[in-house]
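Given next are the chains, with one letter for each unit.
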Amino acid sequence: MLAIIVGCDNGRISIKEGKLYFCNEKVGEFTPCTQTGVRFEDAVERIDDNILKVTRTFTAEENIDSVRLTFDFCHAYKCQQVIIPSVCYNGNHWGRGKEPKGFKTNDVWHTYSYRRTPIPGATYSEGEKFAVAVWSKKPASEDNAFSCSIMPDSTCTTHSLIIPEEERPFTYVDKNKYGSEYTKKMSMNKGDKRDIQAYIFVADKGTRKSPLTLFLDKAWAFAEKDYPNIITTDKVWEYGVKYAKEHLWAEEDDYKGFSIGLVPDGEAGWKQRPFIKYEIGWCGQNASFINTLLVDYLKTGNEESRDKALAALDTWTAPQTQYENGFYVAHYDNILDKRQNIVSDACNLGTAAYNFFETAELLEKSNLPERIARVKEIALGICNFVKADQQPSGVYGKGWNNAGECLYRDGTVGAFMIPPMLVAYKITGNNDYLQSAQKAYEYYYTEFSKNGYTTAGALDTWCIDKESSMPLLRSSLNLFDITGDSVYIENAVQTSYYLSTWLWHYKADYGNDTDMMRYDYNTFGATSVSVQHHHLDVYALFWVGEWLRLAELTGNSAWREKALAIWTNGCQLISDGTLEINGRVRPTGGQNEAFFNCRWGFGGAPGKSRINDWLVAWPGAFRLEVLRKLTDWSVLDAVNTMNNK
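Below you will find a few notes about this structure. Please read these numbers as outputs of a predicted model, since none were measured by experiment.

1. Quick look at the packing of aromatic side chains
Tallied over the full model, the rule gives 49 aromatic pairs. Seen in terms of ring centroids, Phe22 and Phe130 are 5.9 Å apart; in terms of plane orientation they differ by 70°. Their pairing is edge-to-face. Of this pair, Phe22 sits in strand β3 (residues 19-22) while Phe130 sits in strand β14 (residues 130-135), and the two are 108 residues apart along the sequence. A relative accessible area of 1% means that Phe22 is categorised as buried. Residues Trp220 and Phe524 carry aromatic rings whose centres are separated by 5.7 Å and whose planes lie at 15° to one another, so their mutual orientation is stacked. Of this pair, Trp220 sits in helix α1 (residues 211-222) while Phe524 sits in the loop between α12 (515-518) and β31 (527-528), and the two are 304 residues apart along the sequence. Each of the two residues, Trp220 as well as Phe524, counts as buried. Grouping aromatic residues by their ring pairs yields a cluster made of Tyr497, Tyr539, Phe542, Trp543, Trp547, Trp559, Trp618 and Phe622. Of note, Arg96 hangs over the ring of Trp462, and the distance from its end group to the ring centre comes to 3.9 Å. One residue, Lys104, lies across the ring of Trp109, its end atom 4.5 Å from the ring centre.

Written out as structure tokens, the structure reads:
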């Protein structure tokens, strides 16, 4: 191995004879590539006090039919925290899911395409003394696609970048489903050269700022902030309202409200999904759509918006929706079909209560007072039910059966009830709500701080995920507003850094024959769902407002940049009524739920679409919720000029 040192003096990070030092203390060392017939040399450049850029150049000394080239860095400590962001958090051992567990199977280390990671090929480890991260730039072309791996053992944690792209010993292709391993073949002729560029981050764990947050700050600073150009906020509002009123609106027996979404009708059109159709929150978002149409009435005077909002509100506040003890039926299918098997979960209940408190305010502004008492009764009833069920530890329930009996409490999902508890305190002055919320917050935030992740907010999974941390972010800011205690701002920041481990920092490239390239879909600003669901969605729209506010509270413009990345990503491929994808013209305002950024959903089979045909309700609801809570939309529209600066 030949190491060429460029500008590496006696600063904090340095390299000597293939070993890496931080403040003259050894952190680890480069590991030689073992590919027969290939020699390599490393050119090392110090970027700043914490980061080295290493370019490993491989030269073939003979003709080789198939090569596997690696850049490995051995972090020379047993590590307590080992992460591949969005893919693996300390081995993914929490939960009932069957996603990849641990770091190897049948003695073969797990390798993942860079496309599964939000920072290209990123791996991260923390030992007793130092933290280390390794990542690379986005490949310049499809031919340069690469993979990553992290390999912890009792004395060392090895970070690896690999070309050509591979996933071994399996490919995780769908929820709890596996395909065979995937490897691209790459040959080299004598004299051919290939290289791997690696960034190596090192930080002392004794620094003022946690090393993970410092790494994420630097990774964001390195990111190519490729904001896509999108439609204006006025159009987002117009299309979203139209989609809700004209395509999601449903009437069935005594139900009037919004469908959970559209699916292909078997021909060339669309139909409302015929099962588990009507939901107050999560995917269905009836409570949020009610508020949006009331705001649309206030903005425009559109009586159809008012009338449909009130009709849906009457459905969801009817006597049969709530029991005497305050338990609320979150799925109207239970009422229509006399079903007993659809769980009412804390995510849905928290969404219902939180939105209904807002509904009461909007009814008053709309001079529609006759429903206010019932709406508040429903919202406070939900809070009272969950508060009465709260455990001495502070934990809330996660899900209840249709009889109102708690089925399970594990996971962070109960935290969705904290924001409405805080609103209940604000409007009633009853300190019991505040005490309940603070006790729950302490439980869930302490659990998050201890584990480094949150769990089971994506209600079709049971694993480490991103969705469950959003209520901690919102609760932190709400508690700051109530108490003035700046510790809650710091907690909001720490939660946001965790959310950043799910945020795509780059626009991934795909072959010209893929939908991603055909429709110019940009992964920058998207978020992966969970360690059990490896695909991208626009759920992060839910906290755009929180990150804009966090930027103001902290003076850190990165949170504004990230909020705008999320907004622009989430506003891509909203149909104007003419958009055709997968052979179907999408109705105005329609947008699919999932983008398959890796081999998810089809195992890479030819002819499959990376853009699915599930035009679910929640993305539009979240966009409209962002807009109705922002007083100045210009901050979002201004992003269209950022790429030109």
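2. Describing the layout of surface pockets
Taken as a whole, the largest pocket encloses approximately 960 Å³ of empty space. Along the wall of the largest pocket there are 32 residues; nearest its centre are Tyr354, Glu546, Arg628, Lys629 and Leu630. If you list the elements that add at least two residues to the lining of the largest pocket, you get α6 (346-365), α8 (418-428), α10 (470-483), α13 (544-554) and α15 (618-629). Split into classes, the residues belonging to the lining of the largest pocket amount to 15 nonpolar, 3 polar and 14 charged.

3. Quick word on the sheet that holds strand β35 (residues 615-616)
Strands belonging to one sheet form pairs held by backbone hydrogen bonds; the direction of such a pair is parallel or antiparallel. Ordered in space as β25-β24-β35, the 3 strands form an open sheet in which the pairing is antiparallel. A strand with exactly one partner marks an edge of an open sheet, and here the two such strands are β25 (270-272) and β35. Here strand β24 (residues 261-264) pairs with β35 via 2 bridges, running antiparallel. Paired with Leu262 across the bridge in β35 is Leu615.

4. Re the state of the cysteines
Considering all chains together, one arrives at 1 disulfide under this definition. What pairs with Cys74 in a disulfide is Cys156, and their sulfur atoms sit 1.8 Å apart. In this pair, Cys74 sits in strand β7 (residues 69-75) while Cys156 sits in the loop between β15 (147-152) and β16 (157-163), placing the two residues 82 residues apart along the sequence. Judged by its relative accessible area of 14%, Cys74 falls in the buried class. Judged by relative accessible area, Cys156 falls into the buried class, the value being 9%. No disulfide involves Cys79; its sulfur sits 8.0 Å from that of Cys156, the nearest cysteine. The buried category is assigned to Cys79, whose relative accessible area is 13%. Its sulfur unpaired, Cys88 is 10 Å from the next cysteine sulfur, which belongs to Cys148.

Parameters and conventions
- Residues numbered from 1 in each chain as written.
- Predicted model: local features only at pLDDT ≥ 70, side-chain atom pairs only at ≥ 80, totals over all residues.
- Heavy atoms only, no water.
- Phe/Tyr/Trp six-rings, centres within 6.5 Å; stacked < 30°, edge-to-face > 60°.
- Helix = DSSP H or I, 4+ residues; strand = E, 2+ residues; numbered from the N terminus.
- Buried < 20%, exposed > 50% of the residue type's maximum accessible area, 1.4 Å probe, protein only.
- Lys NZ or Arg CZ within 6 Å of the ring centre and 35° of its normal.
- 1 Å grid on protein atoms, 1.4 Å probe; cavity = no way out; pocket = protein on both sides within 12 Å on 5 of 7 lines; lining within 4 Å.
- Points joined across faces, edges and corners; volume = space filled by probe spheres on them.
- Nonpolar A, V, L, I, M, F, W, Y, C, P; charged D, E, K, R; others polar.
- Pairing = 2+ DSSP bridges.
- Disulfide = S-S within 2.5 Å.

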